[in-house]
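Topology and contacts: notes
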Amino acid sequence: MIISIIGSGGKTTYIRELKDKYVSMNKTVLMCTTTHMLIEEDTLVDPGYDEIMHRIETYGYCHAGNRCGDLKIEALDEELFNQLKQVVDVILIEADGSKHLPLKYPNVNEPVLDSDTDEVVLISNLNGLNQPVKDVVHRYELANLDPNELVTPRIMQNLICAYLKKLNKPVQMLKETMSCIEKGDLDARVHIDSNDEFQDIGNGMNQMAENLNKYVQKAYVAEIRQRDAELEALKRQIQPHYL
């Protein structure tokens, strides 16, 4: 199982809580990131497969990533991560960054969800309420918020909705494209650049529409040729009667 934790400050703390929960259930756990995380005392930096598995076998869990600067790690190598997916019971991914602020508005490429994610947990911290936007909301400028305005419950709701829309957007795009195809628009295509299963489904839908379009065109041409052949045969039948 892969759980991706997104949103504002508090993600690492929640990941640690989940780790304790699953380890107590005798599940093996890997903690990692698709963005950046702080290096902690128990973090394995630039590890290999054997090193990670030894740590998991010894403690039940491992916190690992590739070095990114002096204080942070980034995502593990893709090949290594795919290996670990096959053998670790629970993978906890910090899939977003917020500069430790309690609230956040997502950038165009955020969150960074692994394509095999089974569950997404969105963190939003009530400590941001009644505080100036500029002090507690990461990327507030993208939401066109007044930096000096105090955060209200409505602002928090809008920030959460911004994430929900991003998570639901690929589904809506797929539904709209499928509707166009059902109505006969075989040139309709969907463009999803999420690097996950939604992108795979979108690419499959596009290929299906392309194949269907070619089939219809081929069938149409064949039908025209058949009609031409029938017409030519009819002409040959008629001509002798006028000789």
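Look up a bit, the structure's there.
If you're wondering where the values come from, they're calculated on a predicted model, not measured in any experiment.

1. Digging into the overall build of the chain
Across its full length, the chain holds 6 helices and 10 strands. What you see for the chain is a C-alpha radius of gyration of 27 Å, clearly larger than the 18 Å of a compact globule of 243 residues, by over 25%. Along the first, second and third principal axes, the C-alpha atoms of the chain reach 100 × 50 × 35 Å. Here the chain holds 243 residues, and 36% of them are scored as buried. Surface summary for the chain: the accessible area is close to 14,900 Å², and the carbon and sulfur share equals 50%. A gap of 7 Å separates the mean positions of the 26 positive and 39 negative side-chain charges of the chain.

2. Some details on unusual backbone geometry
Each neighbour pair has its own omega, and for Glu110 with Pro111 the value is -5 degrees, a cis peptide bond. Along the polypeptide, Pro111 turns up in the loop between β8 (103–104) and β9 (119–123). Phi at Asn26 is positive, roughly 65 degrees, even though this residue is not glycine. Inspection of the secondary structure puts Asn26 in the loop between α1 (11–24) and β2 (29–33). Asn26 gets classed as exposed once you look at its relative accessible area, which sits at 71%.

3. Some thoughts on the packing of aromatic side chains
Inspection of every chain in the model, using the stated rule, returns 0 aromatic pairs. Against the face of Tyr61 rests Lys19, its NZ or CZ located 4.2 Å from the ring centre.

4. Let's talk about the environment of Ile181
Locating Ile181 in the fold gives a position in helix α5 (residues 153–182). You can call Ile181 buried: its relative accessible area is 10%. Discounting residues that sit within four places of it in the chain, Ile181 has contacts with Leu186, Ala188, Met205, Met208 and Ala209.

5. Concerning the side chain of Ser8
By secondary structure assignment, the location of Ser8 is in the loop between β1 (2–7) and α1. In terms of polar contacts, Ser8 uses its side chain to reach the backbone carbonyl oxygen of Pro102, at 2.5 Å. Residues in contact with Ser8, not counting those within four places in the same chain, are Ser98, Leu101, Pro102, Leu103, Lys104, Ile123, Ser124 and Asn125.

6. Concerning a negative patch on the surface
Together, Asp46, Glu74, Asp77, Glu78 and Glu79 line one region of the surface with negative charge. By secondary structure assignment, the location of Glu74 is in strand β6 (residues 72–74).

7. Focus: the side chain of Thr43
Positionally, Thr43 belongs in strand β4 (residues 43–45). Thr43 sits in the buried class, given a relative accessible area of 11%. Here the side chain of Thr43 touches Glu40 through a polar contact of 2.8 Å, landing on its backbone nitrogen. Among the polar contacts made by the side chain of Thr43, one reaches the side chain of His63 at a distance of 2.8 Å.

8. Considerations on α5
Compared with the 44 Å implied by 1.5 Å per residue over 30 residues, the 41 Å span of α5 between its first and last C-alpha is a close match. The largest bend in α5 comes to about 40 degrees, at Asn168, with the proline Pro170 one to four residues further on. Positioned one or two residues after α5, Gly184 has a phi angle of 105 degrees, which is positive.

Calculation rules
- Residues numbered from 1 in each chain as written.
- Predicted model: local features only at pLDDT ≥ 70, side-chain atom pairs only at ≥ 80, totals over all residues.
- Heavy atoms only, no water.
- Helix = DSSP H or I, 4+ residues; strand = E, 2+ residues; numbered from the N terminus.
- Rg over C-alpha atoms; globule rule 2.2 N^0.38 Å.
- Buried < 20%, exposed > 50% of the residue type's maximum accessible area, 1.4 Å probe, protein only.
- Areas by Shrake-Rupley, 256 points an atom, 1.4 Å probe, with all protein chains shown as cover.
- Lys, Arg positive; Asp, Glu negative; His and termini not counted.
- Charge placed at Lys NZ, Arg CZ, Asp CG, Glu CD.
- Phe/Tyr/Trp six-rings, centres within 6.5 Å; stacked < 30°, edge-to-face > 60°.
- Lys NZ or Arg CZ within 6 Å of the ring centre and 35° of its normal.
- Contact = heavy atoms within 4.5 Å.
- Polar contact = N/O pair within 3.5 Å; in protein donor to acceptor, adjacent residues only side chain to side chain.
- Patch = residues over 30% accessible without salt bridge, like charges linked within 9 Å, V, L, I, M, F, W, Y side chains within 5 Å.
- Salt bridge = Lys/Arg side-chain N within 4 Å of Asp/Glu carboxyl O.
- Expected span 1.5 Å × (residues − 1).
- Bend = angle between axes of the 7 residues up to and from the residue.

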